[in-house]
Every structure is written in C-alpha cells, then in structure tokens.
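Inside the fold
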Amino acid sequence: MAVTTVYGVIGSPVGHSLSPYMHNAAFNALGIDAAYYAFDVDKTQVGNAIRGALALGFGGLNVTFPLKKDALLYCNPDALSKRLGAVNTIDRNGEGYNTDGIGAVSALKEAGITVKGTTVLLLGAGGAAKAIAAQLLVAGARVLIANRTESRSLILARQMTEANVDCGCGDVEAHSLVEIDHLVNEARVLINATTVGMRGVLDGQTLVRAHQMHSGLVVFDVVYHPLETPLLREARSAGLQTIDGVKMLVHQGAASFALWTAKEPPVQIMEATVRERLLNVNSAENED
Ligand code: NAD
C-alpha cells in the first residue's frame, strides 16, 4: 500500500496559516500523494517536533512565528539561514533553509523588475526585512533600509555589509523614517516590511501616502491581511504599479516546495488557492 507523505508547518498560533491550502493544492495539481497539516507547537517543544517529524519520515516542514530562530538549533542550516538566524524550511534530511527573501525577490522579478542595480527602499528592520534585504543584496540591488528606530537599521545594514564583503553584490545604507520623503524620491521600488497596515495590529495605517510617491515607483507591501493594505491603496490612487504580500507568500512557499520535491511548483494554482482562501476569510470577518 502506498504511504502518503506528510508535510507540515510548525508555529504558534498557526491555525490561520494559509500554507496547508497552498501546498495541498500544489500536491493535488501534480498528482503527488502527500498531505500538509498545520501543527501548533510550543516554543519548548521545537526540538522534539522537528526530530519527531524527521523520525516519522515527513517530506518536509515549514517553520513560522515564533519558532524560526529556535529551529536553527535542530536542523543543519545553510549559509543564508545561518546568517539570518532563522529557518523557515526543513527538508526530509534535516537541512534548513530560509526562502522568505527569495519569495520577495521572485515577486519583484515576476512583476518585471530588474533587481540588479535598482534602488529599493525597505521599510522595517525585523525578521521579514532582514530576509528580504539579504536576498536583494545577493540579487545586486542598492538597498536603503529605513526603520522607526534608526539603530536597528544600522545593525541590520552592518550585518548585511559584513556578510557581503566577499560577494561583490549590492550596496546597503541605514536610515531613519524621518528621512522618508527624500528616500522615496530616490527609490524605484518601495517595500513595506513592517507590521504597519496589518489587520488587528496597525489597522488602517500607512508609512507613506500617495502625495509622497512619484511616477515610476513600484510599491510592494509584504503584509497580506488585508490584501489591499492602506499603503497599496495609496499607491493605486496615485496610479502606480503595486505588488501585494500574497506574491511573496506564494513564492516563498513555491521555493520550499521545490526544495522538498525537486519539482517545478504550480505557482499559479498556489496563488489562486491562497487568494480564494483570503477572500473567504475577509468576507467571514466582515460579517462578524
Ligand atoms: P517583526 O516584528 O520582526 O518586525 C516588525 C517591524 O515593523 C519592525 O521593523 C518594527 O520597527 C516595525 N514597526 C512596527 N510598528 C511600527 C510603527 N508603528 N511604525 C513604524 N514601524 C513599525 O515582524 P516581521 O516578522 O518582520 O513581519 C513584518 C510583517 O511582514 C508582518 O505583517 C508579517 O505578517 C509580514 N510577513 C509577510 C510575509 C509574506 O510572505 N508575505 C512573510 C513574512 C512576514
């Protein structure tokens, strides 16, 4: 009898995760006998959960908030995830990876942006910003990091500079949000990697308004709940090209899927599934 291969995401809370929908749709589309589940794992149990999954023959794991850092200790992290201090993907052999930044850069490429040599203004200096900055630099971008607390921008820029000494990739600069007007003017791409605009956290807020944007600017918000954040609404009202957080989510998931299966991920099916699910979630919330 064929044995269904199990995959999963570990985190806490994890009930809202879109990954089971996205990956199960991908397995179905490719006729792969596999099932992907969400597992709520307490921080104290990360090691047991990862070791247990590997011992049970899981095909792979995703790791999400707040376990990405702790999970490093229980896998064999690659150079990038070690540098980021966080893994979001583990394969059946216990190799650890971080595909978050790859997701963002793939979303930019899909939108027709040539990343090499492009000036990108990255808002935030948390986990998402760090992963995105590292991958933008590998792709040769000039990255302007602007964070509410400038010292955190400086720390992130320094970490990135040290890591990039030998690779001859893009440049990185640290700034504060106070300089936002002239930073937006310099940028070809603006990425929000803060929690500003996220439903239930900083609802309805944006760090940049339409009148601060210029024609030719591409605006990308990694926040995907709501799908159209206040920042993206401002950009749309200014007639600018926008990229929403679903694109990053889907491309990071597609990169994990490719690592696990060595197959071309059905990206369009994964994206359609996530968008449909988010629409259902949004309409259920609006009915409340
Ligand atoms: P984090 O807590 O590590 O970092 C949060 C960042 O937001 C920090 O830089 C902080 O300074 C900034 N911030 C918070 N409140 C602010 C305010 N009022 N003004 C200015 N800056 C403020 O979080 P994270 O893990 O980096 O996640 C950030 C966002 O990215 C979340 O909304 C998360 O859901 C989203 N995300 C999306 C994807 C995706 O695939 N689309 C992946 C990872 C994270």
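Every chain begins its residue count from 1, and numbering advances along the sequence as written. A pLDDT threshold of at least 70 governs which residues receive local features in this predicted model, and a stricter bar of 80 or more applies before side-chain atom pairs are shown or counted, although totals over entire chains, interfaces and linings include all residues. Hydrogens and water are ignored here; the side-chain numbers use all heavy atoms of the structure.

**Some remarks on the sheet that holds strand β11 (residues 218-221)**
A pair of strands counts as paired when DSSP detects no fewer than two bridges linking them. Secondary structure elements are taken from DSSP: a helix is a run of H or I of four residues or more, a strand is a run of E of two residues or more, and numbering for both begins at the N terminus. The parallel open sheet is built from six strands, whose spatial order is β9-β8-β7-β10-β11-β12. The two strands at the open ends of the sheet, each matched to only one other strand, are β9 (171-176) and β12 (241-243). The average angle at which neighbouring strand axes cross in this sheet is 20 degrees, direction not considered. For strand β10 (residues 189-192) and β11, the ladder comprises four bridges, and the chain directions are parallel. Bridge pairing links Leu190 to Val219 in β11. Contact criterion: two residues are considered in contact whenever any of their non-hydrogen atoms come within 4.5 Å of each other. Every axis in this analysis is a line fitted to C-alpha atoms, fitted for helices over the stretch in contact. Angles between the N-to-C directions lie between 0 and 180 degrees. Against the sheet, helix α4 (residues 100-110) engages β10, β11 and β12, with an angle of about 145 degrees to β11.

**Describing the site of the ligand**
Taken together, 21 residues surround the ligand, and among them Ala125, Ala128, Asn147, Val222 and Gly245 come closest. A distance of 3.0 Å separates a nitrogen atom of the ligand from a polar backbone atom of Gly245. We call two N or O atoms a polar contact when they sit within 3.5 Å, provided that within protein one can donate a hydrogen and the other can accept it, with sequence-adjacent residues counted only if both atoms are side-chain atoms. One of the backbone N or O atoms of Leu249 is found 3.2 Å from an oxygen atom in the ligand. Per-residue and other accessible areas follow the Shrake-Rupley method at a 1.4 Å probe size, with only the shown protein chains counted as cover for residues. Protein chains bury 76% of the 860 Å² of accessible surface belonging to the ligand in isolation. The element best represented in the shell around the ligand is helix α9 (residues 245-261), accounting for three residues. The near set for a molecule or strand comprises every residue that places at least one heavy atom within 4 Å of it.

**Examining the sheet that holds strand β5 (residues 89-91)**
Within the open sheet, the six strands sit side by side as β2-β1-β3-β5-β6-β4. Their pairing is mixed. Strands at the two margins of the open sheet, each flanked by one partner only, are β2 (34-40) and β4 (76-77). As judged from the seven bridges shared by strand β1 (residues 5-11) and β2, these two strands associate in the parallel manner. If you follow Thr5 over to β2, its bridge partner there is Ala34. Contacts from helix α1 (residues 19-30) reach β1, β2 and β3 (60-63), with the element oriented near 170 degrees to β2. Set on the sheet, α9 makes contact with β1, β2, β3, β5 and β6 (95-97); between it and β5 the angle comes to about 10 degrees.

**Details of the pattern of salt bridges**
A pairing counts as a salt bridge when a side-chain nitrogen of Lys or Arg comes within 4 Å of a carboxyl oxygen of Asp or Glu. Taken as a whole and assessed by the stated rule, the structure comprises 10 salt bridges. Its salt-bridge partner being Asp100, residue Lys68 comes within 2.7 Å of it at the nearest N-O pair. Of this pair, Lys68 sits in the loop between β3 and β4 while Asp100 sits in helix α4, and the two are 32 residues apart along the sequence. The rule is simple: take the accessible area with a 1.4 Å probe, protein chains only, and divide by the maximum for that residue type; under 20% is buried, over 50% is exposed, in between is partly exposed. Judged by its relative accessible area of 24%, Lys68 falls in the partly exposed class. The class of Asp100 is buried, set by a relative accessible area of 10%.

**Structural notes on the packing of α4 against α9**
With their axes 7 Å apart at the nearest point, α4 and α9 run at an angle of 120 degrees to one another. Two packed elements cross with a definite hand, and for α4 against α9 that hand is right-handed. Contact residues: Asp100, Ile102, Gly103, Ala104, Ser106, Ala107 and Glu110 in α4; Lys247, Met248, His251, Gln252 and Ala255 in α9. Side-chain classes follow a simple rule in which Ala, Val, Leu, Ile, Met, Phe, Trp, Tyr, Cys and Pro form the nonpolar group, Asp, Glu, Lys and Arg form the charged group, and the remainder, Gly included, forms the polar group. Taken together, the residues of the contact of α4 with α9 sort by class into five nonpolar, four polar and three charged. Put simply, a crossing is left-handed when the front helix is turned counterclockwise from the back one by less than a right angle, and right-handed when it is turned clockwise.

**Some thoughts on helix α8 (residues 230-237)**
For α8, the set of buried residues is Pro230, Leu231, Leu232, Glu234 and Ala235. Where α8 is buried, its residues touch β10, β11 and β12. Downstream of α8 by one or two residues, Gly239 has phi in the positive range, about 75 degrees.

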